[in-house]
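Next come the chains, spelled out residue by residue.
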Amino acid sequence: MLKGVLLSLSASSLFGCLYYLAVFLQPLSGESMFGIRMLVTFPFLLLALFLLKKQVEFVEFIRRLIQEPYLLVIILLTSLIVGGQMWLFLWAPNNGKALEVSTGYLLLPIVMVAFGKAIYKESLSLNKWLAISFAFAGVLSTIWLSGKLSLESIFVCTGYPIYFYLRRKFGLSHLYSFVIEILFLMPLSLYFIGQTDMAYIQNQNPNIYYLIALLGLISGLALISYTIASTILPFNLLGLLGYLEPFLLLIISFIIGETLAKESYILMICLFIAIIFLIFDGLIALRQQQKKWQTQHNKEVK
């Protein structure tokens, strides 16, 4: 359990580092960063398959794709969604949109809860209803004060629920489909890399190749850490630990010099309160789950 917790926290911290690293990769464009990230991360995906001893399952998944070719269309769609998210993640810090993307990640857990209620008819506890209510009030305040909610925030908090829904509906919620998604993104990634004048980039940023190596290392280690943690930890605990990442992204947004607009103060306060309710709800669910396991264990001992 402790190993899983440390791996999950490490993954969140590494993703935060990746967000900050984007600032030092200038003058690379967001498209170039995206292409390079896909290229240098892919070997770590293959390494994860070997570390988790999933080679046989991966081959079986390939056979499934051959037997059910329509799944390739679904994976192409999910690859476009996750590719857009990965591009935005590296583009935002260098284009004055880090706070908007951070806000999207803060909204994401609440949208996921609401999505589960709307699509899967999941029952909601009082804490989850309160979280949704506070988040909704915050969004309304932003729209009322500024006239809109940023497209970057909307894309993050709505794109991922659709992505997870498609993967779950078609039985693609595993590492193997993610490997195929990255493969689908590779031609676009290579195109973006091919359009990059690396001689000019290196002249402007002499350390660029060291930073690219660091990009691959951080991205790969974050991915492997999270993947392994997801196989060790209960889902509730994994979700609770995942709240660290959006807070780190928010802090990094302030570190790189972005400031929160006055119109967004109420939204941030409401989101913090909403996430506190979700964390509290998760802790209650985790405690109930542990009691259930303990009761089952005691019965087995008897």
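Definitions and limits used
- Residues numbered from 1 in each chain as written.
- Predicted model: local features only at pLDDT ≥ 70, side-chain atom pairs only at ≥ 80, totals over all residues.
- Heavy atoms only, no water.
- Helix = DSSP H or I, 4+ residues; strand = E, 2+ residues; numbered from the N terminus.
- Buried < 20%, exposed > 50% of the residue type's maximum accessible area, 1.4 Å probe, protein only.
- Contact = heavy atoms within 4.5 Å.
- Areas by Shrake-Rupley, 256 points an atom, 1.4 Å probe, with all protein chains shown as cover.
- Lys, Arg positive; Asp, Glu negative; His and termini not counted.
- Charge placed at Lys NZ, Arg CZ, Asp CG, Glu CD.
- Patch = residues over 30% accessible without salt bridge, like charges linked within 9 Å, V, L, I, M, F, W, Y side chains within 5 Å.
- Salt bridge = Lys/Arg side-chain N within 4 Å of Asp/Glu carboxyl O.
- Expected span 1.5 Å × (residues − 1).
- Arc of directions from axis to C-beta.

**Student:** Account for the overall build of the chain, naming residues and giving values.
**Tutor:** Looking only at helices and strands, the chain features 13 helices and 0 strands. Dimensions of the chain, computed from the C-alpha atoms along their principal axes, are close to 70 × 55 × 40 Å. Burial statistics for the chain: of 302 residues in total, 47% are counted as buried. Pairs at least 24 apart in sequence give 86% of the contacts found in the chain among residues at least 6 apart. Total accessible area computed for the chain in this model is approximately 15700 Å², and 68% of it derives from carbon and sulfur atoms. Computing the positive centroid from 20 side-chain charges and the negative centroid from 14, the chain places the two 12 Å apart.

**Student:** So what about unusual backbone geometry? Which residues, and what values?
**Tutor:** Residue Gln 26 is joined to Pro 27 through a cis peptide bond whose omega torsion reads 10°. Considering the arrangement of structural elements, one finds Pro 27 in the loop between helix H1 (2-24) and helix H2 (30-51). With a phi angle near 55°, Lys 53 is a residue other than glycine that sits in the positive phi range. Note on placement: Lys 53 falls in the loop between H2 and helix H3 (55-67).

**Student:** Describe a nonpolar patch on the surface, and please don't skip the residues or the numbers.
**Tutor:** Taken together, the side chains of Tyr 20, Phe 24, Ile 251 and Ile 255 make up a nonpolar region of the molecular surface, amounting to roughly 380 Å² of accessible area. Looking at the nonpolar patch, the elements with two or more residues in it are H1 and helix H12 (244-255). Mapped onto the secondary structure, Phe 24 falls in helix H1. In this structure Phe 24 comes out as partly exposed when scored by relative accessible area, which is 42%.

**Student:** Can you explain H3? Please cite residues and give values.
**Tutor:** A rise of 1.5 Å per residue sets the reference length of H3, with its 13 residues, at 18 Å; its end C-alpha atoms lie 19 Å apart and thus fit the reference within 8%. Along H3, the residues that are buried comprise Phe 58, Phe 61 and Leu 65. Relative to the axis of H3, the buried residues are bounded by an arc of 55° and lie together on one face. Turned more than 90 degrees off the buried face of H3, the exposed positions are Val 56, Arg 63, Ile 66 and Gln 67. Each element contacted by the buried residues of H3 is listed here: H2, helix H4 (70-91) and helix H8 (175-194).

**Student:** Report on the environment of Ile 279, specifying residues and quantitative values.
**Tutor:** With respect to the helices and strands, Ile 279 occurs in helix H13 (residues 265-301). Among the residues examined, Ile 279 registers a relative accessible area of 27% and is labelled partly exposed. Put simply, Ile 279 and Asn 127 are 152 residues apart on the chain and 9.1 Å apart in space, counted from C-alpha to C-alpha. Not counting residues up to four positions away in its chain, the partners in contact with Ile 279 are Leu 240 and Tyr 243.

**Student:** Could you give an account of the pattern of salt bridges, naming the residues involved and the relevant values?
**Tutor:** What the rule picks out here adds up to 3 salt bridges. For Arg 64, the salt bridge is made with Glu 68, and the minimal N-O distance between the two is 3.3 Å. Look at Arg 64 and you get partly exposed, because its relative accessible area is 23%. Looking at Glu 68, the relative accessible area reads 24%, which means it is partly exposed. A salt bridge links Asp 281 to Lys 128; the shortest N-O distance between them is 4.0 Å. Here Asp 281, found in helix H13, pairs with Lys 128, found in helix H6 (residues 126-146); they are 153 residues apart in sequence, far enough to count as distant.

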